[in-house]
Amino acid sequence: MPLRAHRFFPLAVLSAALTLYAATKPKPAPPAPAAVDPYAEVQPATESLDLNMYQRIRDEGLNHSHVMEFATALFDGIGPRLTGSPNVMKANEWTRDTLTKIGLENAHLEDWGEFGVGWQQLNTWARMVVPDTAILIVQATPWSPSTPGPVTGDVVYVKIENEKDLDQYKDKLAGKIVLFGAMRPVPPVDKALFERYTDQELAEMAEYPVNAFSGNFPPEMQARLRERMERLRLIDKIAQFFADEKVAAVIEPSRDGKNGGGSGGTFFDDNGATLGRTPYLADKAVKVPVVVAAIESYGRLYRLTQEHAPVSVQIDVETKTTGDHEHGFDTVAEIAGTDPKLKDQVVMLGGHLDSWIAGTGATDNGAGTIVAMEAVRILKALDVKPRRTIRIALWTGEEEGLFGSKGYCTQHFGSSKLSTAPDQMQLPEFMRRAAGPLEVKPEQKLISAYFNVDNGSGKIRGIYTQGNAAIAPIFEQWIAPLKDLGVTTVTLRNTGGTDHLSFDAVGIPGFQFIQDPLDYESRTHHSNMDVYEELQPADLKQIATVEAIFVYNAAQRDQMMPRKPLPQPEQEEKRRAPLDIFPGAVPPEKK
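Rules used in this analysis
- Residues numbered from 1 in each chain as written.
- Predicted model: local features only at pLDDT ≥ 70, side-chain atom pairs only at ≥ 80, totals over all residues.
- Heavy atoms only, no water.
- Helix = DSSP H or I, 4+ residues; strand = E, 2+ residues; numbered from the N terminus.
- Buried < 20%, exposed > 50% of the residue type's maximum accessible area, 1.4 Å probe, protein only.
- Contact = heavy atoms within 4.5 Å.
- Areas by Shrake-Rupley, 256 points an atom, 1.4 Å probe, with all protein chains shown as cover.
- Lys, Arg positive; Asp, Glu negative; His and termini not counted.
- Charge placed at Lys NZ, Arg CZ, Asp CG, Glu CD.
- Arc of directions from axis to C-beta.
- Pairing = 2+ DSSP bridges.
- pLDDT = per-residue confidence, 0-100.
- Core = buried A, V, L, I, M, F, W, Y, C linked by side-chain atoms within 4.5 Å.

Novice: Before we move on, can you summarise the overall build of the protein chain with the specific residues and values?
Specialist: Broken down by element type, the protein chain carries 16 helices and 16 strands. Taking the principal axes of its C-alpha atoms as reference, the protein chain extends roughly 135 × 70 × 50 Å. Here the protein chain, with 591 residues, has 50% of them falling under the buried criterion. Long-range contacts, defined as pairs at least 24 residues apart, comprise 85% of the intrachain contacts of the protein chain with a sequence gap of at least 6. In the form shown here, the protein chain has an accessible surface area of approximately 28300 Å², with 55% of it arising from carbon and sulfur atoms. Between the centroid of the 62 positive side chains of the protein chain and the centroid of its 78 negative side chains there is a distance of 6 Å.

As structure tokens, this is what we get:
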């Protein structure tokens, strides 16, 4: 026995050595995972929700909020933020520095390109001096030039509906104060200007309306759009005519708001009031001072002119330009992802930082800015370690055509060629339709979703899926624990007019929340009432809390958010073309 044991001892030692080597030798690196195709990921039927995190976010957002601190710093401390202006650059820098202070990484400004003329209003006032003295409620329209100090002129009303109408005013307007724009009705305010959605309205919103016009606008809307474009083309000629005639200044009436909200001294001063389609471009600059007046101020002057009574106004418009080639910037910052496999993927949230000038841009869209900042502050305060990177982006140039978000998406994700059809070439670039094909960049596949807030300070009641049917069941599960906060509705409907559209256009899931309307469309949207006092602090707390939960859920789930098919703008006309299947029909010969 001892001899046999001795004979097998070397074999035992060798076996042990081989086992030890196998255990300690460096293992080959696993093959790199194949690039994720977000269009092909299989989505689970049931979401895995961290309800403890729901509770923590709710506690921080509802009981320890700092959203109104952001509000007073941005709206009171900086004020209105017209794209290209010194104030919007102050806001860019303040948001960058504040996001760094609350713990985000890589906070920086991204240049989305040349915008045009930098402009700010320093002072504007007007008063009637004949037949009596009266203070008029006015402000300069954006990009208006100054008057050469206070100027006084007789008031004349002009009515121009087509180019031929210009002839009757030739050589008659020099030195005059021109009233330009029809005197509109001023209905009584017999409905509440402040509204919240009812359960019935939300239920109706959840139903998807089927368009009878094959995805296109109905004929009456197309007619309105054509009429509007014709009017915009005429506006450029009218502006040049006033300059050639050397008018002293132009006064325009404010438009109305929903439910007659454009009265009582409230006036709207936006792109609908500017005397020109693109007055921020140096070669399209308006050459005469233009102000927009509250309808009550305009109405008195208008009625006097209609009675052929002598009426004179003294007006002083003091504005400043800072350059013809100002650039626009977006503010961007991140909470870094921690999952080795998912950290390069990104969940985005944001809103637009720019505003118009009549108020301080509190509800449009300062509210969207500060709730996005508060949402990421909540997550940082909780020391959340997201699997995916969370990126906040605050856009500028939204009011003039989604310039900031579109520029960002073009630089990072892709773009389509624009139509060169004759009717499209007459439009500003931001209004031309995409003709394709969509050219996609590698980063496009790394963005899971973008969440946007831009409908005032009303609390979130649900979310638009932008026609993304696969995502609706996911959102339904996300909002179930939030119904006590009033979040109840998921709709497949599209909603337009803001920055999520830039993401949707390049095939990235982009979403806008459903918000209670409050008095956004009736009083504050682009008006002199767009100020801090119109914010609803409790609603803003709720928005930031809900948005933080949506962003967290998207950052944590195993899969990216499901996507709609990649847009194919070059195929749209072909897909909508008639099939030519009528029996016996003979197609006309092509010329």
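Novice: So what's going on with helix H3 (residues 67–76)? Which residues, and what values?
Specialist: Within H3, burial applies to Val 67, Met 68, Phe 70, Ala 71, Leu 74 and Phe 75. Down the axis, H3 shows its buried residues gathered within 150 degrees of arc, on one side only.

Novice: Provide a residue-level description of the pairing of strand E16 (residues 510–515), including the pertinent values.
Specialist: Among the six residues that make up E16, six are buried, leaving the element largely enclosed by the rest of the structure. Relative to E16, strand E13 (residues 447–452) is paired through three bridges, and the arrangement is parallel. The residue bridging Phe 451 from the neighbouring strand is Phe 511, located in E16. Here strand E14 (residues 460–464) runs beside E16; their pairing, made up of three bridges, is antiparallel.

Novice: Break down the confidence of the model for the protein chain for me, with residues and values.
Specialist: For the protein chain, mean pLDDT is 92; residues scoring 70 or higher make up 93% of the total. Across the protein chain, strand E10 (residues 389–395) holds the top mean pLDDT of 99, while helix H1 (residues 2–24) sits lowest at 38. With pLDDT under 50 throughout, residues 1–26 is counted as low confidence; its partners more than four residues away or in other chains account for zero contacts.

Novice: Talk me through the nonpolar core; I want residue IDs and the actual numbers.
Specialist: Formed by 64 residues in total, the largest nonpolar core has its most connected members in Ile 392, Phe 451, Phe 475 and Phe 550. Counting residues per element, this core draws most heavily on helix H15 (residues 537–556), at 11 residues. Among the nonpolar cores identified, the runner-up in size contains 34 residues, and Trp 112, Leu 136, Val 151 and Ile 251 belong to it.

Novice: So, the environment of Gly 61: which residues are in play, and what are the values?
Specialist: Within the secondary structure, Gly 61 is located in helix H2 (residues 51–63). Residue classification places Gly 61 among the buried residues on the basis of a relative accessible area of 1%. Separated by 485 residues in sequence, Gly 61 and Val 546 have C-alpha atoms that sit 8.8 Å apart. Sequence-distant contacts of Gly 61, that is, excluding residues within four places in its chain, are made with Ile 378, Lys 541 and Thr 545.

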